[in-house]
There are 2 protein chains.
Amino acid sequence: MILDPQKIELESMRIIQDTIGEYSCPPENLPVVKRVIHATADFDFLKTLYFSEGAVMKAREALIKHTPIITDTLMLTSGITKKYGLKIVCHVSDDDVISEAKSRNITRAIVNIERSVNDYPDAIYAIGNAPTALIRLCELIKEGKALPALVIGVPVGFVNVIESKNMLASLTDVPRIIAHGNKGGTTVACAIINAITYSVSVSKSQGMNTLPLK
Amino acid sequence: MILDPQKIELESMRIIQDTIGEYSCPPENLPVVKRVIHATADFDFLKTLYFSEGAVMKAREALIKHTPIITDTLMLTSGITKKYGLKIVCHVSDDDVISEAKSRNITRAIVNIERSVNDYPDAIYAIGNAPTALIRLCELIKEGKALPALVIGVPVGFVNVIESKNMLASLTDVPRIIAHGNKGGTTVACAIINAITYSVSVSKSQGMNTLPLK
């Protein structure tokens, strides 16, 4: 039994690498793919994860510039690494967001996105749960009101989910990572954010800009 | 496009029920199974989810008695419904837990479980991430130091995961819900807790004890 946390992580990643074998993708995407599988034990994501060209590199640059991360749930906020002092914003449980959603009979997720776009139109948007949030974000991008540094579109479920991902897929100017199909979720969004963050933090050893530890 | 949150939920559950069709289980387990699929869009859980006899009913009784829920991650704590004032405990990010784990070169998850068992030996334990937490909990149960009202054993991954679930499976006196295999995760643990909580909250209409809204 391995109990050392670092050895557990290394052994997990070794098993994943052995299993995915000859899987081919740009080198900056590989740690993201592996961390999603680490978080789900679901190799279906090898087939469904899509990265627009350069999306990970653009997200790394945005993180180095302290670009905020907007999340669709507090559960996602909670899962994102706290090691680097990233600015994470989520209004979904604010009292005034809840009351506005009730009065308009829409999801809190939509109101959260509207407020976040107003404050941070060029943030990193990570949506792991609420397809209505992703749809609203795509609408605001089309209207020219948002220009995110990255959109992570990985909501999960059966209603509006495929539609929301197709809508994001059609926005070809937007750096985007999508888990196509019904699967996805908060742990997937979290794995993507954390993998990109860790890859920035290790890039210092490669002579690149990096995130300082908090 | 459905935007009303309640209609989205109802339609999701209708699609899941249609898809699982003749799937057979005790009636109190069905809402739990469906919410896990709702949270993952992964029908593999139909085959891997195991409930010991009466586990859900025992967990309902425990919740009505305000039994605390111990979690292995703050992400899980964050995802559990806040509607009913449930007591949720997680020490995994406490400074003294982090320093003890470092000095013993073990996971924080283990130290979190040891402290929680000391304070709440008969709590509901929900483990969605850390197999080392589940293994330590099973050891403490075997030693007679813990007698949980329910153990939710659904860690995810490739190292220690199957072993931890097999260990829980062998503790036949313990009310337990297990997702066998490598899959599981924080969202699965969260779905299980929330489904049981919601089923308590609706049981009032069936003349049973219930959880008051906070």
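Here is what the cut-offs are and how they apply
Residues numbered from 1 in each chain as written. Chains lettered and ligands numbered in written order. Predicted model: local features only at pLDDT ≥ 70, side-chain atom pairs only at ≥ 80, totals over all residues. Heavy atoms only, no water. Helix = DSSP H or I, 4+ residues; strand = E, 2+ residues; numbered from the N terminus. Buried < 20%, exposed > 50% of the residue type's maximum accessible area, 1.4 Å probe, protein only. Pairing = 2+ DSSP bridges. Contact = heavy atoms within 4.5 Å. Axes fitted to C-alpha atoms, helices over the stretch in contact; angles between N-to-C directions. Polar contact = N/O pair within 3.5 Å; in protein donor to acceptor, adjacent residues only side chain to side chain. Parallel < 35°, antiparallel > 145°, perpendicular 65-115°, else oblique. Nonpolar A, V, L, I, M, F, W, Y, C, P; charged D, E, K, R; others polar. Least-squares fit on C-alpha atoms with pLDDT ≥ 70 in both.

Draft legend 1. Local environment of unusual backbone geometry. Despite not being glycine, Asn160(A) shows a phi value in the positive range, around 75°. Tracing the chain through its elements places Asn160(A) in the loop between β5 (150-153) and α9 (161-169). Overall, the relative accessible area of 6% leaves Asn160(A) in the buried class. Even without glycine at this site, His66(B) takes up a positive phi of about 60°. One can find His66(B) in the loop between α4 (55-64) and β2 (69-71). Taking the relative accessible area as the measure of exposure, His66(B) reaches 54% and is therefore exposed.

Draft legend 2. Local environment of the sheet that holds strand β2 (residues 69-71) of chain A. All names here are of chain A. One open sheet holds the six strands; their spatial order is β1-β6-β5-β4-β2-β3, and the pairing between them is mixed. The open sheet is flanked by β1 (49-51) and β3 (88-89), the only strands paired with a single partner. Sitting on the sheet, helix α7 (residues 108-119) is in contact with β2 and β4 (124-127), with an inclination near 170° to β4.

Draft legend 3. Region of the structure containing the environment of Glu9(B). Residues and elements named next belong to chain B. Structurally, Glu-9 is set in helix α1 (residues 5-20). For the pair formed by Glu-9 and His-38, sequence separation is 29 residues and the distance between their alpha carbons is 9.0 Å. Contacts of Glu-9, omitting those with residues within four sequence positions, involve Arg-35 and His-38. A polar contact is formed between the side chain of Glu-9 and the side chain of Arg-35, at a distance of 2.4 Å.

Draft legend 4. Up close: the packing of helix α1 (residues 5-20) of chain A against helix α2 (residues 30-40) of chain A. Residues and elements named next belong to chain A. Two elements in contact, α1 and α2, have axes separated by 10 Å at closest approach and are oriented at 105°. The angle between α1 and α2 falls in the class roughly perpendicular. Facing α1, whose interface residues are Glu-9, Ser-12, Met-13, Ile-16, Gln-17 and Ile-20, α2 presents Leu-30, Lys-34, Arg-35, Ile-37 and His-38. For the contact of α1 with α2, the residue count by class is five nonpolar, three polar and three charged.

Draft legend 5. Quick look at the relation of the copies chain B and chain A. At an RMSD of 0.0 Å, chain B and chain A line up after a rotation of 180° and a shift of 0.0 Å along the axis. In symmetry terms, the pair is related by a two-fold rotation axis. No C-alpha of chain B lies nearer the rotation axis than that of Met75(B), which sits 2.6 Å from it. Of the interface residues in chain B, 100% have counterparts in chain A that sit at the interface too, so the contact is made through matching surfaces.

Draft legend 6. View of the sheet that holds strand β1 (residues 49-51) of chain B. Residues and elements named next belong to chain B. Spatial ordering of the open sheet is given by β1-β6-β5-β4-β2-β3, a layout of six strands whose pairing is mixed. Looking at which strands have only one partner, the edges of the open sheet turn out to be β1 and β3 (88-89). One ladder, built from three bridges, connects β2 with strand β4 (residues 124-127); its direction is parallel. Its bridge partner being in β4, Thr-71 is matched across the sheet by Ala-126.

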